[in-house]
Structure formats: structure tokens, C-alpha cells
Amino acid sequence: MPGMTSDPAPVTVIGLGPMGRAMAATLMAAGHPVTVWNRTPGRAADLVAAGAALAPTPADAVAAGRLTILSLTDYRAMHDILDASTGALAGATLVNLSSDTPDVTREAAAWAAGHGARFLSGGVMVPAPMVGTAAAYVYYSGPERVFRDHEPVLGLLGAPRYLGEDPGQSQLWYQAQLAVFLTALSGLLQGAAMVSGSGAPVGRFLPDALDTLAAIPAMIGSGEDLAGELDTRAYPGELSTVSMMGATAEHIVATSGSTGVDTELPRAVRSHYERAITAGHGKDNWAALYEVIRRDRR
Ligand SMILES: NC(=O)c1ccc[n+]([C@@H]2O[C@H](COP(=O)([O-])OP(=O)(O)OC[C@H]3O[C@@H](n4cnc5c(N)ncnc54)[C@H](OP(=O)(O)O)[C@@H]3O)[C@@H](O)[C@H]2O)c1
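Residues numbered from 1 in each chain as written. Predicted model: local features only at pLDDT ≥ 70, side-chain atom pairs only at ≥ 80, totals over all residues. Heavy atoms only, no water.

Visitor: Lay out the packing of helix α5 (residues 102-114) against helix α7 (residues 167-197) with the relevant residues and their values.
Guide: To characterise two packed helices, one gives the angle between the axes of the helices and the distance between these axes. Running from amino to carboxyl end, α5 crosses α7 at an angle of 155°, the nearest separation of the two axes being 8 Å. Considering the angle they form, α5 stands roughly antiparallel to α7. As for the relative orientation of α5 and α7, their crossing is right-handed in sense. Along the contact surface, α5 presents P102, T105, R106 and A109, while α7 presents P167, G168, Q171 and L172. (Axes fitted to C-alpha atoms, helices over the stretch in contact; angles between N-to-C directions. Helix = DSSP H or I, 4+ residues; strand = E, 2+ residues; numbered from the N terminus. Parallel < 35°, antiparallel > 145°, perpendicular 65-115°, else oblique. Left-handed = near helix turned anticlockwise from the far one by under 90°. Contact = heavy atoms within 4.5 Å.)

Given below as C-alpha cells:
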């Protein structure tokens, strides 16, 4: 069967939001026996109907799996679930694919180790419906031996990208990617609100907005040129200068105000340009905003 691992080891999934349910279904489709646990048991119904086992307690869930994947809103939820069951952790392998900060993740890795568990952290870099597809990838960090032991089964969820032994690294990269993602989504809604605030149909605006997002890779290319600029902290170019883009940033604030929509996001963007111009980067390429965002002084 395509996608089936040679060792269909039992896997536990704790947390059955959209992401946890997608991961459990993907593992089951590949032939793994899957045990699930969720604070709200009713969310397990479809998986149980498809053959998953619903553990009565978190301790039973951890005991049932060769590894336990956690898919929760944050790491606090992991502690809410497992702090009363730490006796079940000795010898277990936890793979926490929930979002949190690098520091909280490092503390959790130490907590798990203190209870005799092996611990990997990670971040799924695609929306739940894309889990298990060729486009999916997942960041991991933590002990390499633990990662390699479980790489085949983790690979069913999406291509694993291992970032080293520090458990905080996968969160750092996850949050950095989500900074790109969440800011782009807020930008999309900002534009939509400006158009609809003026009384125009948002449905006509959105396809053009998606073209604008798609033009960003075309503008940046493979990313090598931009990486070179950011690495050398030199920003040549006259196509999209800070002063030109900064004038537009001011116009976006004014137009947001005149269409009666929130100006918080456009003012943050304008602030990047203003501070870059003040620091003497007006004639540089737009990427010189990096000097403002990095905040360090060379
Ligand atoms: N959804 C996506 O497309 C997506 C994409 C990439 C990454 N992620 C990440 O994957 C993780 C899970 O995402 P999701 O969309 O499935 O999240 P979600 O819908 O918020 O589900 C969160 C899960 O956490 C549980 N939970 C939250 N607080 C809890 C607590 N205090 N005690 C016990 N259980 C608690 C919920 O239990 P109940 O069911 O009882 O509420 C539920 O099982 C998140 O860290 C998210 O950032 C999600």
C-alpha cells in the first residue's frame, strides 16, 4: 500500500482539533494502529468510527503508543493534560507539534526529560487539510537519535525538516514562518476592508489581491538575492526604494482612515519606512527595512 511504513507501530495522538484529527487520519490511512485522547471526547467520534481507539485517560493514551503526538493550542494544554499523569511518561516518546515560544518549549523538554520521556518539538507548516500531502512539511528539533528513530512515521505527516538538538529551534522557525503568514493574512483583510469600506464589492477585489501575493515570489525570485542583501546588510537597487514605498505606506494609512477602517497595521508598516528613511536608507532598496526590524546597530 502506498505511504505504508514497514513498521506500522502504534501511535497516539492527543489533541483532536482540525490538525490532530488530520494527523490521526493520515496515520490510520498508512496502516498504523492509532489511539486518541481529547479533553472533549466527542471530537474523536469520526476517528473512532474509522477504527481508532479512544483511550479513557491521558495515561492510557501515552501507554498505548510507541510515540505520542500532541496537537494542542499551546504547551499549557500539554501540562493541563499530562501533569497529573507524569508516572506514565517514563520510557515514552512525546512529539509535541503544538505552537508556543522557544523558551516554553525548552522548559517542556526539560520537564519531559525529568520524567524519563524522550521529547521532540515541532511545527506543522501547512494547514490541516494538506497534512500527508506532497506539499506538507514539518519542522522538528530535539535529540537527533529520537528524531531518526521516528522519522519514517513522522514522514507520513509531511516531509520532516530537522533543525538540530535545541528543542526551541523548531518553535523559532515555526513562529518566524507564522510571522510571514499571519501578517500576510492581516494585510489581505486590510485591503479587503478598505475596498468594502468604500462600498465596492470585496468579491471583485480578492482575486486581484491573490495575484498581488503571488507577485511577491516573482519580485523576490528564488530568495537568493534577498538573502544576499540581508546577509551583507547592503540594499542596492532603485526599482522599489524605501522613499518610494514609504510614500505609499503613508497613502495606505490615509486611505484606511478615509474609508473608516482600522489603521493599526498600516501605521506599523509606515513606521518601518519612516525609521528607515530617518536612518538614511531612503535611496536603498525596500529590503533596507531589515535594519529597522533587526533593531541592532552595527
Ligand atoms: N489548524 C491548522 O491548520 C494548523 C496548521 C499548522 C499548525 N497548527 C498548529 O497545530 C496545533 C493544533 O491546531 P488545531 O487547529 O487543531 O487547534 P485547536 O482547534 O485549537 O485544537 C486545540 C486542541 O487543544 C486542546 N486544548 C486546548 N487547550 C486545552 C487545555 N487547556 N486542556 C486540554 N486540551 C486543550 C483542544 O481540546 P478540546 O477539543 O477539548 O477543546 C483541542 O484538542 C496548534 O498549535 C496550531 O498552531 C494548526
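Visitor: Please set out the sheet that holds strand β6 (residues 118-124) residue by residue, giving values where relevant.
Guide: Here we have 8 strands laid out as an open sheet, ordered β3-β2-β1-β4-β5-β6-β7-β8, and mixed in their pairing. Only two strands of the sheet have a single partner each, and these edge strands are β3 (53-54) and β8 (159-162). Sitting on the sheet, α7 is in contact with β6 and β7 (137-141), with an inclination near 145° to β7. (Pairing = 2+ DSSP bridges.)

Visitor: If you had to explain α5 to someone new, which residues and values would you point to?
Guide: Here α5 spans 18 Å end to end across 13 residues, near enough to the 18 Å set by a 1.5 Å rise per residue. Those residues of α5 that are buried lie in contact with α4 (75-82), β5 (93-96), β6 and α7. Within two residues after α5, G116 carries a phi angle of roughly 85°, on the positive side. (Expected span 1.5 Å × (residues − 1).)

Visitor: Outline the domain arrangement of the chain, listing residues and values.
Guide: Assigned domains within the chain: domain 1 (11-166) and domain 2 (172-294). In this complex, domain 1 contributes 9 residues to the contact, which on the side of domain 2 involves 6 residues. Approximately 640 Å² of surface area, both sides summed, lies buried where domain 1 meets domain 2, with 71% of it carried by carbon and sulfur atoms. One can count 0 salt bridges joining domain 1 with domain 2. Seen at the junction of domain 1 and domain 2, the total is 3 residue pairs in polar contact (both at pLDDT 80 or more). Residue assignment for the side of domain 1 that touches domain 2 shows that the elements contributing at least two residues are β6 and β7. When the residues that make up the side of domain 1 that touches domain 2 are grouped by side-chain class, the tally is 6 nonpolar, 2 polar and 1 charged. (Domains from an automatic or database assignment. Buried area = accessible area lost by both parts, 1.4 Å probe. Salt bridge = Lys/Arg side-chain N within 4 Å of Asp/Glu carboxyl O. Polar contact = N/O pair within 3.5 Å; in protein donor to acceptor, adjacent residues only side chain to side chain. Nonpolar A, V, L, I, M, F, W, Y, C, P; charged D, E, K, R; others polar.)

Visitor: Outline the site of the ligand, supporting the account with residue identities and numerical values.
Guide: Taken together, 23 residues lie near the ligand, and N38, T40, R43, L72 and S99 sit nearest. In the environment of the ligand, a nitrogen atom lies 3.0 Å from a nitrogen or oxygen atom belonging to the side chain of D80. Here Y174 contributes a side-chain N or O atom positioned 3.0 Å from an oxygen atom of the ligand. Surface burial for the ligand is 77%, taken as the share of its 900 Å² of free accessible area covered by protein chains. The element contributing the most residues to the shell around the ligand is α4, with 3 residues. The residue makeup of the shell around the ligand, split by class, is 12 nonpolar, 8 polar and 3 charged. (Near = heavy atom within 4 Å. Areas by Shrake-Rupley, 256 points an atom, 1.4 Å probe, with all protein chains shown as cover.)

Visitor: Explain the pairing of strand β1 (residues 11-14) to me, using residue names and the numbers behind them.
Guide: Burial along β1 is two-sided: the face carrying V11 and V13 and the face carrying T12 and I14 are both buried. Judged from the 4 bridges that link them, β1 and strand β2 (residues 34-37) form a sheet pairing that is parallel. Note that in β2 the partner of V13 across the bridge is V36. Pairing between β1 and strand β4 (residues 67-70): 4 bridges, direction parallel. (Buried < 20%, exposed > 50% of the residue type's maximum accessible area, 1.4 Å probe, protein only.)

Visitor: I'd like to hear about the packing of α7 against helix α8 (residues 202-220), residue by residue, with values.
Guide: At a minimum axis separation of 10 Å, α7 and α8 run at an interaxial angle of 145°. Here α7 and α8 pass one another in a crossing that is right-handed. Contacts from A184, L188, G191, A192, V195 and S196 in α7 reach V202, F205, L206, A209, L210 and L213 in α8.

Visitor: Report on the pairing of β4, specifying residues and quantitative values.
Guide: Going residue by residue along β4, you find L67 and I69 tucked away on one face and T68 and L70 tucked away on the opposite face as well. Note that the unit made of β4, α4 and β5 has a crossover that is right-handed. (Right-handed = clockwise from strand over helix to strand, strands pointing away.)

Visitor: Talk me through the nonpolar core; I want residue IDs and the actual numbers.
Guide: L27, V36, I69 and L97 are the most contacted members of the largest nonpolar core, which totals 33 residues. For this core, the secondary structure elements donating two or more residues are β1, α1 (18-29), β2, β4, β6, β7 and α6 (144-154). Here V36 is in contact with V13, L16, A24, A44, L47, A52, A53, L54 and A55, once residues within four sequence places are set aside. One finds A55, I81, L89 and F119 within the second-largest nonpolar core, a separate group that totals 21 residues. (Core = buried A, V, L, I, M, F, W, Y, C linked by side-chain atoms within 4.5 Å.)

Visitor: Break down a nonpolar patch on the surface for me, with residues and values.
Guide: Among the surface-exposed residues, F181, L182 and L185 lie close enough to one another that they form a single nonpolar patch of about 280 Å² accessible area. By the secondary structure assignment, L185 is in helix α7. Judged by its relative accessible area of 39%, L185 is partly exposed. (Patch = residues over 30% accessible without salt bridge, like charges linked within 9 Å, V, L, I, M, F, W, Y side chains within 5 Å.)

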